[in-house]
Structures are given as structure tokens and as C-alpha cells.
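# Inside the fold
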Amino acid sequence: MTEFENLKVGDVVTRMLGGTIPMRLSVSAITDRIITCSAWQFDKATGAEIDEDLGWGPPPLMTGSYLDPSKTAYVTSCGRADDAETGSGGVFG
């Protein structure tokens, strides 16, 4: 089981840009391989950001950002967390 196995739409994840800048995002879609947060896609197994234009992805590719599983907020009620990113700039914590 991966760190993101129990992730659901509406949960809040933290994208670590460059490994140092946190950005909270709300999960908008999930497949068996990809976590989507608005305009961003991440590999479900590793958390690595997928960006074909930049050549980013899970190993053996490199990536400039990843999801930090230790900073995931599982939302138990309907809807998304109020303080999550909606795709228009980001909330830094």
C-alpha cells in the first residue's frame, strides 16, 4: 500500500516545491495511478509531480515538486477543506 492509498477527493495534500516551499492543495480527482489537484498531477505511488512539458515524473525521471504524505489532511465530511488551494495562486504554510 502507498502513502496515498486512502486519499479521497476533497482531502488536502501539501506540495513541496523545490523540497522547501509548502503549498496546500485540495485533491480534485484520483485514479489508480494519478492524483490531480486542480492544474497539477502527481504520481500516486511516489507523490512526484508529473509535468510532461518539463519532463518531470516519478523515477527514473526527475521532478521539482512532490506531495509530502506526512502533511496530508484527510477530510471526513463532504466537500473540500476551506484552507486548501483552489487553483489560483496557493496558500503557503
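Calculation notes
Residues numbered from 1 in each chain as written. Predicted model: local features only at pLDDT ≥ 70, side-chain atom pairs only at ≥ 80, totals over all residues. Heavy atoms only, no water. pLDDT = per-residue confidence, 0-100. Contact = heavy atoms within 4.5 Å. Salt bridge = Lys/Arg side-chain N within 4 Å of Asp/Glu carboxyl O. Helix = DSSP H or I, 4+ residues; strand = E, 2+ residues; numbered from the N terminus. Buried < 20%, exposed > 50% of the residue type's maximum accessible area, 1.4 Å probe, protein only.

A residue-level look at the chain finds 78% of positions with pLDDT of 70 or above and a mean pLDDT of 83. Contacts of residues 77–93 to residues separated by more than four positions or lying in other chains number 30 contacts, the stretch itself having pLDDT below 50.

Overall, the coordinates contain two salt bridges when judged by the stated rule. Residues R15 and E49 are paired through a salt bridge, measuring 2.9 Å at the closest nitrogen-oxygen approach. Separated by 34 residues along the polypeptide, R15 in strand β1 (residues 12–17) and E49 in strand β6 (residues 49–50) bring together distant segments of the chain. In terms of burial, R15 and E49 fall into one category: buried. In this structure, K71 and D68 form a salt bridge, with 3.7 Å as the shortest nitrogen-oxygen distance. Given the relative accessible area of 14%, D68 is considered buried.

So, about unusual backbone geometry. A cis geometry characterises the amide bond from P59 onward to P60, with omega recorded as 20°. Along the chain, P60 falls in the loop between β6 and β7 (65–67). A positive phi angle, near 55°, is found at S38, a position not held by glycine. Turning to its location among the elements, S38 is positioned in the loop between β4 (34–37) and β5 (40–43). Given a relative accessible area of 36%, S38 falls into the partly exposed group.

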